[in-house]
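Understanding the architecture of this molecule
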Number of protein chains: 2
Amino acid sequence: MATPTLRTLARELGLSRTTVSDALRGSPRVKPETVERVRAAAKAAGYDRNPLAGAVMSFLRRSCGQKFRGVLGVLEIVSAEQSLNAQRYNDAVFEGVSAKAEQLGFKVDRFQIGATGLKLSRLDSILQTRGINGLIVLPAAGFPDLSGLSWTRYTAVYVDYFVDSPPMHCVCSDHYRSMIGLLRELHARGFRRPGLFIETSLDERLHFRWEGAFLALQHYVPEISKVPILRPARVTPEVFQEWFEKYQPDVVLGHFPDAVAWMKRCGAKIPRTHSFVCLNSLRTQGECAALDFQAPQLGARATELVTGHLMHSEFGIPSQPSLTTLPARLLEGPTLRASGGKAPRPARRTMPAAAV
Amino acid sequence: MATPTLRTLARELGLSRTTVSDALRGSPRVKPETVERVRAAAKAAGYDRNPLAGAVMSFLRRSCGQKFRGVLGVLEIVSAEQSLNAQRYNDAVFEGVSAKAEQLGFKVDRFQIGATGLKLSRLDSILQTRGINGLIVLPAAGFPDLSGLSWTRYTAVYVDYFVDSPPMHCVCSDHYRSMIGLLRELHARGFRRPGLFIETSLDERLHFRWEGAFLALQHYVPEISKVPILRPARVTPEVFQEWFEKYQPDVVLGHFPDAVAWMKRCGAKIPRTHSFVCLNSLRTQGECAALDFQAPQLGARATELVTGHLMHSEFGIPSQPSLTTLPARLLEGPTLRASGGKAPRPARRTMPAAAV
DNA sequence: GCTTAAAATTCGGACCGTCCGAGCTTTTTC
DNA sequence: GAAAAAGCTCGGACGGTCCGAATTTTAAGC
């Protein structure tokens, strides 16, 4: 069965393709009775007007095709509690979005919404006025609620784990797989007592993927000592040092680079006797080894998804929201001992998926 | 001065507009010397290619009409050890692939490769002869090695977790998230002693996501007893019953529906005193509650990915392989007690992403 | 060196949806 | 009743792409 087009609809209705196009675009040139006939026939034939294609054609027709760009909206949910780290991450994601959007012929408009930004009703109005149908939502603290937007006219991707209000396709780093790969890599380098410390708030919205991967691998990687996870609501030097001295991990994993000083205070010689890997490279400035979530690549991938949906006229809330993940990369650093006797490795590489 | 277009450039160069377009898009059809001439003339004339206009035109051009768009190859790696369950799963994925491919104007050819199927060199030859560039690889036991194919001419998606030989984009169910959702749902229904039994081989290729999610949630869902996971290499009734009687889980999660009989042998009244949820609905015929991985939807999503890559002419091994996941759905069954005092729920629904 | 076949290179029909001037029909005005 | 105005619909052309076809060039065989 052929894909319906304006021309096939026109033949079916005994009208010209111009009349059909005008009718579907709401042109006042067309008699209301004709408009209704056309809309009914389009619906019956499964024809959906593609606003992106229409916009491109319009500009081409006006001889402005060379300069025409689609527009993507990047929504940033801001609040008073937003940390500097979160801001850096969002900026890195935005960088990737911008670069990929330009590559694909789109411009990007960035909107701040929420407590200190635009209200959703106002945003709706602006997006409609500017003809923006594709949205990329930057990660927010907690669980954002955007259900106040007119979702039938948008397609969106959330650049983090799950969002339910409304459900969206998501793109983010694969924390679970990154932890698995990191642990295997550390094991290959001879570490046998890895220890994880984590503030529970940093893992909760990931459904505890850091911890889940860590606990699971403790059972399956041979000869690893089961160092208990330190998981306070808030990490302090005292709490950390008590844990460190009691369990003596040979490599520490965690979000806070300050841990390096805390380890030294306990007599650790880094990286000779103990190592440290930060779980988020955006919390470091190269002073320690870290996992790089490749935020720009996440932004780029989200952009590809959104523009793909625009091309296919896939608007509204998806019936089957999917999650697309990319692995993090290990950034070597002065706090991580290279393997005993092995050749130096390149500075950046994707986590191995399987040890064998 | 008029805006330069492909057509004006073509007239200036004494070439057709197709040659100019092909040259600027980097098509290998055009002689390199011609490409250089076109690029120089475009630059001199101030012609900038608009990637969005090109993409929209390309999309419209490829989406139209009644003619068939091509053939997708579905590769099934067969071996002597392939189980009936794996076969059912692959058939379900294939069903989804076929339906979506038909919807998108593609035909599907299924190939069996490996120990009892075609050799890779033979497959290469057949695919080339039939003009097949898009491949969907059905899940295999262990870690398949397909690096013997001529990957520069193919785009492929693997319908399972990670494959490295070569790296591919992957589509599969989200086992971790599904376990999280299941545990939260069970907790909401009043269960306080969930127990998991699993043969390690069934979790290993998932990087122990079943176990990782289970262990992580034991720490964070309130009032749950930490029933140790039963994780033998091979589950027997004796091993199971010893574990069951020792730890008394009030709901058992696992892959084997036979566990229901084993639980009854221990005096459990199902679902009154104890419940059971199978972790893979393809291992049941409705006789127990189970997680449905929605294999046909996974097949459909893989098909969308592959045809999208074909559309963009993205061939070869991806530089950033991604993983796309869909959540499993809980299928209610006679082995799962409904919540105390709550209204009956619909038979099928996606796992809640966050409990709050 | 000529002929034939294969490969390389280029071309052109047709597609998509839009704009806007033009054509046809209907209504209004004088 | 004729002319003008308004309402409604039409079609040429735009720009870039796909892909089968046509043309040109190169290679192989005698």
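Quantities reported herein were computed from a predicted structural model and do not represent experimental measurements.

Here we look at the domain arrangement of chain A
All names here are of chain A.
- As assigned here, chain A comprises domain 1 (70-173 + 296-326) and domain 2 (175-293 + 329-350).
- Placing the centre of domain 1 and that of domain 2 at their C-alpha centroids yields a distance of 32 Å.
- Taken residue by residue, the interface counts nine residues in domain 1 and eleven residues in domain 2.
- Overall, the association of domain 1 and domain 2 removes approximately 1100 Å² of surface from exposure, summing both partners, and the carbon and sulfur fraction of that is 54%.
- In terms of surface lost to domain 2, no three residues of domain 1 exceed Arg-88, Tyr-161 and Ser-173, which account for 47% of the buried area on that side.
- At the boundary of domain 1 with domain 2, the tally comes to one salt bridge.
- For Asp-160, the salt bridge is made with Arg-205, and the minimal N-O distance between the two is 2.8 Å.
- Viewed at the interface, domain 2 and domain 1 are joined by four residue pairs in polar contact (both at pLDDT 80 or more).

With respect to the protein's contact with DNA strand D
- In the neighbourhood of DNA strand D, 28 residues make up the surrounding shell, with Thr-18 of chain A together with Ser-21, Arg-29, Arg-49 and Met-57 of chain B lying closest.
- Within the side chain of Ser-58 of chain B, one N or O atom sits 3.2 Å away from a phosphate oxygen of DNA strand D.
- The separation between a phosphate oxygen of DNA strand D and a polar side-chain atom of Arg-62 of chain B is 2.9 Å.
- Mapped by element, the contributors of at least two residues to the surface near DNA strand D are α2 (17-25) and α4 (51-61) of chain A together with α1 (6-13), α2 (17-25) and α4 (51-63) of chain B.
- Of the residues that constitute the surface near DNA strand D, the class distribution is seven nonpolar, ten polar and eleven charged.

Here we look at the interface of chain B and chain A
- Facing the 54 residues of chain B at the interface are 58 residues of chain A.
- For the pair chain B and chain A, the two sides together bury roughly 4700 Å², of which 58% comes from carbon and sulfur.
- The interface formed by chain B and chain A contains two salt bridges.
- The partner of Asp-174 of chain A in a salt bridge is Arg-209 of chain B, and the shortest N-O contact between them spans 3.5 Å.
- Applying the counting rule to chain B against chain A returns 25 residue pairs in polar contact (both at pLDDT 80 or more).
- Contributions of two or more residues to the side of chain B that touches chain A are made by α4, α7 (175-188), α9 (209-220), α12 (295-311) and β10 (323-326) of chain B.
- Residues of the side of chain B that touches chain A, tallied by class, amount to 27 nonpolar, 17 polar and ten charged.

Analysis parameters
Residues numbered from 1 in each chain as written. Chains lettered and ligands numbered in written order. Predicted model: local features only at pLDDT ≥ 70, side-chain atom pairs only at ≥ 80, totals over all residues. Heavy atoms only, no water. Domains from an automatic or database assignment. Contact = heavy atoms within 4.5 Å. Buried area = accessible area lost by both parts, 1.4 Å probe. Salt bridge = Lys/Arg side-chain N within 4 Å of Asp/Glu carboxyl O. Polar contact = N/O pair within 3.5 Å; in protein donor to acceptor, adjacent residues only side chain to side chain. Near = heavy atom within 4 Å. Helix = DSSP H or I, 4+ residues; strand = E, 2+ residues; numbered from the N terminus. Nonpolar A, V, L, I, M, F, W, Y, C, P; charged D, E, K, R; others polar.

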